[in-house]
Amino acid sequence: MTDAIARRDIVRKAGAAGTLGLGMAAVGMLAAPAASAHTGTAPARPGNAAERRLPGAWTIQLQHFDTFRPGLTAFTSDGLVLVMHVAAANIGMGNWSSTGRNTFVFNFHILNTDPATGDYTGQMHMWGNGTFSSDTYWAGTANVAIYDPAGTQVYSHTGDAINGTRVGVDT
């Protein structure tokens, strides 16, 4: 009986230590900086003007042929990009990185679906650059490639104009 109690006590203590260890590991993962998925580029870290200005919410205007179409984009301080655009039914995700004092590059992917069925129809990849002309405005160029579900490129277009205006806090 004493052996059984001692083993239960050991198992209970090991279980508590294991739970504590997992909890500490989770805290460590939450506190660790996110790594950039943009190959070869470290995640953005506020240090230069572009890295301090870009994080936040922006309205964007993307030129496609002769028409500018609106969207919303959020850039995070650790290099993540989230995009919503009127030309796409779904949210896009990607990365950005500073390339100079007032310049940056970005890329993101949007999964495409059939509006009637919700079936996956491929994805859009956009990449480009921006240059700040003030703390609240940037302009640059964007490139687009669209792929079918098998990963075959079915469309591409380069050199579209894109600009962003900071979304301020309503007071």
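All values reported here derive from a predicted model rather than from experimental measurement.

1. Looking at the sheet that holds strand β6 (residues 120-134)
Pairing is antiparallel in the closed barrel, where eight strands are placed in the order β1-β2-β3-β4-β5-β6-β7-β8. The sheet shows a mean angle of 30 degrees between the axes of neighbouring strands, taken without regard to direction. Note that strand β3 (residues 80-85) and strand β4 (residues 92-98) share four bridges and pair antiparallel. Bridging from a neighbouring strand, Val 81 pairs with Gly 94 of β4.

2. A few points about the packing of aromatic side chains
Following the criterion strictly, the structure yields ten aromatic pairs and no others. Seen in terms of ring centroids, Trp 58 and Trp 138 are 6.4 Å apart; in terms of plane orientation they differ by 65 degrees. Their pairing is edge-to-face. Here Trp 138 lies in strand β7 (residues 137-147) and Trp 58 lies in strand β1 (residues 56-64), a separation of 80 residues in the sequence. Each member of the pair, Trp 58 as well as Trp 138, is classed as buried. Taken together, a centroid distance of 5.1 Å and an interplanar angle of 85 degrees make the contact between Phe 104 and Trp 138 edge-to-face.

3. Thoughts on the pairing of β6
Here strand β5 (residues 103-113) pairs with β6 via eleven bridges, running antiparallel. Among the inter-strand pairings, Thr 113 is bridged to a residue of β6, identified as Tyr 120. Linking β5 back to β6 in an antiparallel pair, the connection comprises six residues, with Gly 118 at a positive phi of about 80 degrees. Inspection of the sheet shows β6 paired to β7 by eleven bridges, in the antiparallel sense. Note that in β7 the partner of Asn 129 across the bridge is Thr 141.

4. Here's the deal with the pattern of salt bridges
Inspection of the entire model under this criterion finds one salt bridge. With a shortest N-O distance of 2.8 Å, Arg 53 and Asp 135 are connected by a salt bridge. Within this pair, whereas Arg 53 is found in helix α2 (residues 49-53), its partner Asp 135 is found in the loop between β6 and β7, the two being separated by 82 residues in sequence. Given a relative accessible area of 48%, Asp 135 falls into the partly exposed group.

Criteria and cut-off values
- Residues numbered from 1 in each chain as written.
- Predicted model: local features only at pLDDT ≥ 70, side-chain atom pairs only at ≥ 80, totals over all residues.
- Heavy atoms only, no water.
- Pairing = 2+ DSSP bridges.
- Helix = DSSP H or I, 4+ residues; strand = E, 2+ residues; numbered from the N terminus.
- Axes fitted to C-alpha atoms, helices over the stretch in contact; angles between N-to-C directions.
- Phe/Tyr/Trp six-rings, centres within 6.5 Å; stacked < 30°, edge-to-face > 60°.
- Buried < 20%, exposed > 50% of the residue type's maximum accessible area, 1.4 Å probe, protein only.
- Salt bridge = Lys/Arg side-chain N within 4 Å of Asp/Glu carboxyl O.

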